[in-house]
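Structural description and commentary
What follows is the residue order along each chain.
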Amino acid sequence: MPIDEEGMLPALLAAALAEHEPDLLFVMPSFHNPTGRLMSASRRRRIAELARQHDVAVVEDLAYSGRIGKLPPPLGAFAPRGGEVLTIGSLSKSVWGGLRVGWLRAEEPVAARFARHKALADLGTPVLDQAVAVRLLPHLAELEQTQARSAARRLRHLTGLLEQSLPDWRWEPPVGGSALWIELPDADAGAFAQVALRHEVEVVAGRTTDPSGRHDSFIRLPFTYPADVLTEAVHRLTRAWGEFRRHGPVPEQGSPLV
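Residues numbered from 1 in each chain as written. Predicted model: local features only at pLDDT ≥ 70, side-chain atom pairs only at ≥ 80, totals over all residues. Heavy atoms only, no water.

So, the overall build of the chain
Per the secondary structure count, the chain includes eight helices and ten strands. Rg of the C-alpha trace for the chain: 20 Å, near the compact-globule value of 18 Å for 258 residues, within the 12% margin. By its C-alpha atoms, the chain is 60 × 45 × 35 Å across when sized along the principal axes. Within the chain, the fraction of its 258 residues that count as buried is 38%. Long-range contacts, defined here as pairs at least 24 residues apart, represent 72% of the contacts in the chain between residues at least 6 apart. With the model as given, the accessible surface of the chain reaches about 15200 Å², and the carbon-plus-sulfur share is 55%. (Helix = DSSP H or I, 4+ residues; strand = E, 2+ residues; numbered from the N terminus. Rg over C-alpha atoms; globule rule 2.2 N^0.38 Å. Buried < 20%, exposed > 50% of the residue type's maximum accessible area, 1.4 Å probe, protein only. Contact = heavy atoms within 4.5 Å. Areas by Shrake-Rupley, 256 points an atom, 1.4 Å probe, with all protein chains shown as cover.)

Here you go:
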């Protein structure tokens, strides 16, 4: 679904729900990936109302953090009576990527069904990981604010480097999340990503996140790495961009599916 600075567009969503009659709606209201936008409280309420009107279950993914200060309530807080909203979160983004522990908030019978399916799929999360997660959860708000401050510093560092070395690249400053959504001027981002790989930098091209083709000139560039890694990445991307501009894209190759 197309989005603007407040998130998913309700009018277009209503039309899609009426036309396609889906069973499930997936949303990222807090720091949409890859744009980093934050859905407003009024937009969350309207989307929850539309989902209830069309009898569509909603999964809201709150895995991303990255904003200093208070956030709007979860979309589930606006669900009308009878609406079904499943809220999922994770410690992997807010604490540490190696701690692969998440959670789901749903009505008790639904949560119980998920628990049974999970046990069949992986026989249970390691006990040590769960014990660490339980100790960290009471401090989650503080940890998220610490991560947000660190992310803000790294974002300023990365954007400063890009403004100096690649001034014709364009992006909107993200409200949170972990990446810049960068538009390349008059370029196929998929082709540039292949050139960047030759310079040992991996970036995600827009076509992998949007099947409509509207973002084929965009790349996703994370800013979660230490300053020295970001500095070296921009140095290599600058060389790759110069090569791409001089010689054009590499020959067309099949793209692996992930």
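Following the structure, the description resumes.
A look at unusual backbone geometry
Of note, the amide linkage connecting Asn-33 to Pro-34 takes the cis form, showing an omega dihedral of 20 degrees. Mapped onto the elements, Pro-34 comes out in the loop between strand E3 (24-27) and helix H2 (41-53). Although it is not a glycine, Leu-123 sits at a positive phi angle of roughly 65 degrees. Relative to the assigned elements, Leu-123 resides in the loop between helix H4 (108-122) and helix H5 (127-136). Under the relative-accessibility criterion, Leu-123 is labelled exposed at 80%.

Section: the packing of helix H6 (residues 140-165) against helix H8 (residues 227-247)
One way to put it is that H6 packs onto H8 with a least axis distance of 10 Å and a crossing angle of 25 degrees. Comparing the axis directions of H6 and H8 gives the class roughly parallel. Crossing hand, H6 versus H8: right-handed. Residues Arg-154, His-157, Leu-158, Leu-161, Leu-162 and Ser-165 of H6 form the contact with H8, whose own contacting residues are Ala-227, Leu-230, Thr-231, Val-234 and Thr-238. Counted by class, the contact of H6 with H8 contains six nonpolar, four polar and one charged residues. (Axes fitted to C-alpha atoms, helices over the stretch in contact; angles between N-to-C directions. Parallel < 35°, antiparallel > 145°, perpendicular 65-115°, else oblique. Left-handed = near helix turned anticlockwise from the far one by under 90°. Nonpolar A, V, L, I, M, F, W, Y, C, P; charged D, E, K, R; others polar.)

Notes on the nonpolar core
Leu-162, Trp-169, Ile-182, Leu-184, Phe-192 and Leu-237 are the most contacted members of the largest nonpolar core, which totals 30 residues. When contributions to this core are tallied by element, the ones reaching two or more residues are H6, strand E8 (179-183), helix H7 (189-198), strand E10 (218-222) and H8. For Leu-184, the residues in contact, after removing those within four places along its chain, are Trp-169, Ala-189, Phe-192, Ser-217, Ile-219 and Trp-241. Among the nonpolar cores identified, the runner-up in size contains 15 residues, and Leu-25, Met-39, Ala-48 and Ala-51 belong to it. (Core = buried A, V, L, I, M, F, W, Y, C linked by side-chain atoms within 4.5 Å.)

Considering H4
Look at H4: 21 Å from first C-alpha to last across 15 residues, which is about the 21 Å you get at 1.5 Å a residue. Positive backbone phi, approximately 65 degrees, marks Leu-123, located one or two places after H4. (Expected span 1.5 Å × (residues − 1).)

A look at the packing of H7 against H8
Running from N to C, H7 and H8 cross one another at 125 degrees; their axes reach a closest spacing of 9 Å. Relative to H8, the element H7 lies oblique. In the crossing of H7 with H8, the sense of the turn from one axis to the other is right-handed. The residues of H8 that touch H7, namely those facing Ala-191, Phe-192, Val-195, Ala-196 and Arg-198, are Leu-237, Ala-240, Trp-241, Glu-243 and Phe-244. When grouped by side-chain class, the residues that make up the contact of H7 with H8 number eight nonpolar, no polar and two charged.

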